[in-house]
Amino acid sequence: HNYYSPNKLPYDDEYIFKEVIIGKGVWIGNNVIILPGTQIGDGVVVQAGSVLHGKISEGSVVGGNPAKVIMKRDMNTYFKLKNENKYSQK
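Parameters and conventions
- Residues numbered from 1 in each chain as written.
- Predicted model: local features only at pLDDT ≥ 70, side-chain atom pairs only at ≥ 80, totals over all residues.
- Heavy atoms only, no water.
- Pairing = 2+ DSSP bridges.
- Helix = DSSP H or I, 4+ residues; strand = E, 2+ residues; numbered from the N terminus.
- Polar contact = N/O pair within 3.5 Å; in protein donor to acceptor, adjacent residues only side chain to side chain.
- Contact = heavy atoms within 4.5 Å.

1. Concerning the sheet that holds strand β9 (residues 67-72)
Move 1: An order of β2-β5-β8-β9 is seen for the four strands of this open sheet, with the pairing classed as mixed. Bordering the open sheet on either side are β2 (27-28) and β9, each of which pairs with just one other strand.

Okay, structure coming up:
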C-alpha cells in the first residue's frame, strides 16, 4: 500500500508491486513472510516463521525476524546433488 499518499490516511488505493525472485532448490519453512522486492538465491534454506527482505545470497541458511544468515551450506555438495538431479520428492 502507498502510505506516502498525499490524498488519504493511512494509505490510498494504490498498490506498489515489487518483484520477488526465488532461486532453484530453495527450501522455505512454514509461516514465512517474503516481503516485496526480496531476492532469494539458489539453495537457500529458510527457517519457519522467518521474515525475509532484501537479497539472500545462494547457499545461505537464514532465520528470524528479520531473517539473518545462520550459516552457509556446503555448495560443493549442493551442486553435486543438483547436477545428479537428486531432489527430494516430498
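2. Concerning the side chain of D12
Move 1: Mapping D12 onto the fold places it in the segment before β1 (21-22).
Move 2: Within the local environment of D12, its side chain forms a polar contact with the side chain of S5, the two groups lying 3.2 Å apart.
Move 3: With near-sequence residues (within four places) excluded, D12 lies in contact with H1, N2 and S5.

3. Let's talk about the environment of G23
Move 1: Mapped onto the elements, G23 comes out in the loop between β1 and β2.
Move 2: Residues G23 and D42 lie 19 residues apart in sequence; the distance between their C-alpha atoms is 4.3 Å.
Move 3: Apart from the residues lying within four places of it in its own chain, the contact partners of G23 are I40, G41 and D42.

4. Topic: the sheet that holds β1
Backbone hydrogen bonds hold the strands of a sheet together, and the pairing may be parallel or antiparallel.
Move 1: Across the sheet, which stays open at both edges, the three strands sit in the order β1-β4-β7 with parallel pairing between neighbours. Every other strand in the sheet has two partners, leaving β1 and β7 (55-56) as the edge strands with one partner each.
Move 2: Relative to β7, strand β4 (residues 39-40) is paired through two bridges, and the arrangement is parallel. Bridged to Q39 within β7 is K55.

5. Some remarks on the side chain of N2
Move 1: With respect to the helices and strands, N2 occurs in the segment before β1.
Move 2: In terms of polar contacts, N2 uses its side chain to reach the backbone amide nitrogen of Y4, at 3.1 Å.
Move 3: Within the structure, the side chain of N2 is placed 3.1 Å from the side chain of E14, a separation counted as a polar contact.
Move 4: Residues in contact with N2, not counting those within four places in the same chain, are Y11, D12, E14 and I16.

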